[in-house]
Amino acid sequence: MNFDFESEQSIDFQSDQFFMGQALREASRAYEVGEVPIGAVIVRDGQIIARAWNQVETLKDATAHAEMLALTSAQTAYGDWRLEGATLYVTKEPCPMCAGAIVHCRPDRVVYGAMDPKGGAAGGWINLLQSNPPLNHRCEITMGVMEDECVGILKSFFKGAREKKAALKASKIPPLG
């Protein structure tokens, strides 16, 4: 499925919308290979220093969330585990595992598109990025950036997954009589 995440209007290459559009491109890569379509980019000094997409099934690794892979890549690119001065853009609210890693890596800011009220750890279900009492770091949070596009790709993916499951189940029903 092809998703167009760029507007016909002029693009501010330093805006939250631009960088979230880049995270959505990563989510689209995940979608294309059958992964839950979540993408992330990490920006420092106006430059993308890391990009990643969800690869749990591809790598057979439950920790291979887009955020985790992007954090690891950014640390390598930056040459330090501390990502102070950086912003993480991710298409879906980070889970508790990712939020814990984010706190330890110390980016200044986290920007996400789709909220996750059942399992999000950046304000949806719980807020580990600004917990009280605070952990060793607190992140500024901006939520809902390009929310419609971020929710849309997730809904499309899960609708397709449900349809495939129903078709498989239907094909296994023995004939009557």
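To be clear, the structure that these remarks concern was listed above.
Report on the accompanying structure.

Conventions we followed
- Residues numbered from 1 in each chain as written.
- Predicted model: local features only at pLDDT ≥ 70, side-chain atom pairs only at ≥ 80, totals over all residues.
- Heavy atoms only, no water.
- Phe/Tyr/Trp six-rings, centres within 6.5 Å; stacked < 30°, edge-to-face > 60°.
- Buried < 20%, exposed > 50% of the residue type's maximum accessible area, 1.4 Å probe, protein only.
- Helix = DSSP H or I, 4+ residues; strand = E, 2+ residues; numbered from the N terminus.
- Lys, Arg positive; Asp, Glu negative; His and termini not counted.
- Salt bridge = Lys/Arg side-chain N within 4 Å of Asp/Glu carboxyl O.
- Polar contact = N/O pair within 3.5 Å; in protein donor to acceptor, adjacent residues only side chain to side chain.
- Contact = heavy atoms within 4.5 Å.
- Core = buried A, V, L, I, M, F, W, Y, C linked by side-chain atoms within 4.5 Å.
- Pairing = 2+ DSSP bridges.
- Right-handed = clockwise from strand over helix to strand, strands pointing away.
- Expected span 1.5 Å × (residues − 1).
- Axes fitted to C-alpha atoms, helices over the stretch in contact; angles between N-to-C directions.
- Parallel < 35°, antiparallel > 145°, perpendicular 65-115°, else oblique.
- Nonpolar A, V, L, I, M, F, W, Y, C, P; charged D, E, K, R; others polar.

A full pass over the atoms with the stated rule returns 4 aromatic pairs. Geometrically, the ring pair formed by Phe 18 and Phe 19 is edge-to-face, given 5.2 Å between the ring centres and 70° between the ring planes. With respect to class, Phe 18 is no different from Phe 19; both count as buried. Centroid distance Phe 157 to Phe 158: 5.1 Å. Interplanar angle 85°. Geometry classified as edge-to-face. Accessibility expressed as a relative area gives 13% for Phe 157, which makes it buried.

With that settled, the discussion passes to the side chain of Glu 35. Position of Glu 35 relative to the elements: it lies in the loop between α1 (16-32) and β1 (39-44). Buried within the structure, Glu 35 lacks any salt-bridge partner; Lys 60 is the closest side chain of opposite charge, at an N-O distance of 7.1 Å. There is a polar contact of 3.0 Å between the side chain of Glu 35 and the backbone nitrogen of Glu 57. Of the polar contacts made by the side chain of Glu 35, one reaches the backbone nitrogen of Thr 58; its length is 2.5 Å. The contacts of Glu 35, once residues within four sequence positions are left out, are Ala 30, Trp 53, Asn 54, Gln 55, Val 56, Glu 57, Thr 58 and Phe 157.

Turning next to the nonpolar core. Counting 46 residues, the largest nonpolar core has Met 20, Ile 42, Leu 71, Leu 83, Tyr 89, Ile 102 and Leu 129 as its most contacted members. No other element matches the 7 residues that α1 contributes to this core. When residues no more than four places from it in sequence are discounted, the contact partners of Ile 102 are Leu 71, Leu 88, Pro 94, Pro 107, Val 110, Leu 129 and Cys 139.

Right, let's talk about the pairing of strand β4 (residues 109-114) for a bit. Counting buried residues along β4, 6 of its 6 residues qualify, which places the element largely inside the surrounding structure. With 5 bridges joining them, strand β3 (residues 86-92) and β4 adopt parallel strand pairing. From the neighbouring strand, Tyr 89 faces β4, where its bridge partner is Val 111. After leaving β3, the chain enters helix α4 (residues 96-105) and then returns to the sheet as β4, a path that is right-handed.

Our focus in this paragraph is helix α3 (residues 66-78). Between its terminal C-alpha atoms α3 stretches 18 Å, which fits the 18 Å expected from 13 residues at 1.5 Å a residue. Turning to α3, its buried residues number three or more, namely Ala 66, Glu 67, Met 68, Ala 70, Leu 71 and Ala 74. For α3, the secondary structure elements touched by its buried residues are β1, β2 (47-53), β3 and α4. Among the residues trailing α3, Gly 79 stands out with phi positive, at a value near 80°.

The subject of this paragraph is the sheet that holds β4. The strands making up a sheet are joined through hydrogen bonds of the backbone, oriented either antiparallel or parallel. Across the sheet, which stays open at both edges, the 5 strands sit in the order β2-β1-β3-β4-β5 with mixed pairing between neighbours. Of all the strands in the sheet, the pair left with one neighbour each is β2 and β5 (140-143). When the angles between neighbouring strand axes are averaged without regard to direction, this sheet yields 15°. Sheet contacts for α1: β1, β2, β3, β4 and β5; angle to β1, the most-contacted strand, approximately 145°. Here α3 sits on the sheet in contact with β1, β2 and β3, set at roughly 145° to β2.

On to the pattern of salt bridges, then. Inspection of the entire model under this criterion finds 8 salt bridges. The shortest N-O distance in the salt bridge between Glu 26 and Arg 29 comes to 3.4 Å. Highlighted residues: Glu 26 and Arg 29, both in helix α1, separated by 3 residues, approximately one helical turn. We note a salt bridge from Asp 116 to Lys 92, for which the minimum N-O separation is 2.9 Å.

Time to look at the packing of α1 against helix α5 (residues 147-171). The geometry of α1 relative to α5 is characterised by a closest axis approach of 10 Å and an angle of 5° between their N-to-C directions. By the criterion of interaxial angle, the relationship of α1 to α5 is roughly parallel. In this structure, α1 uses Met 20, Leu 24, Ala 27, Ser 28 and Tyr 31 to contact α5, whose residues at the interface are Glu 149, Cys 150, Ile 153, Ser 156 and Phe 157. Looking at the contact of α1 with α5, its residues break down into 7 nonpolar, 2 polar and 1 charged.

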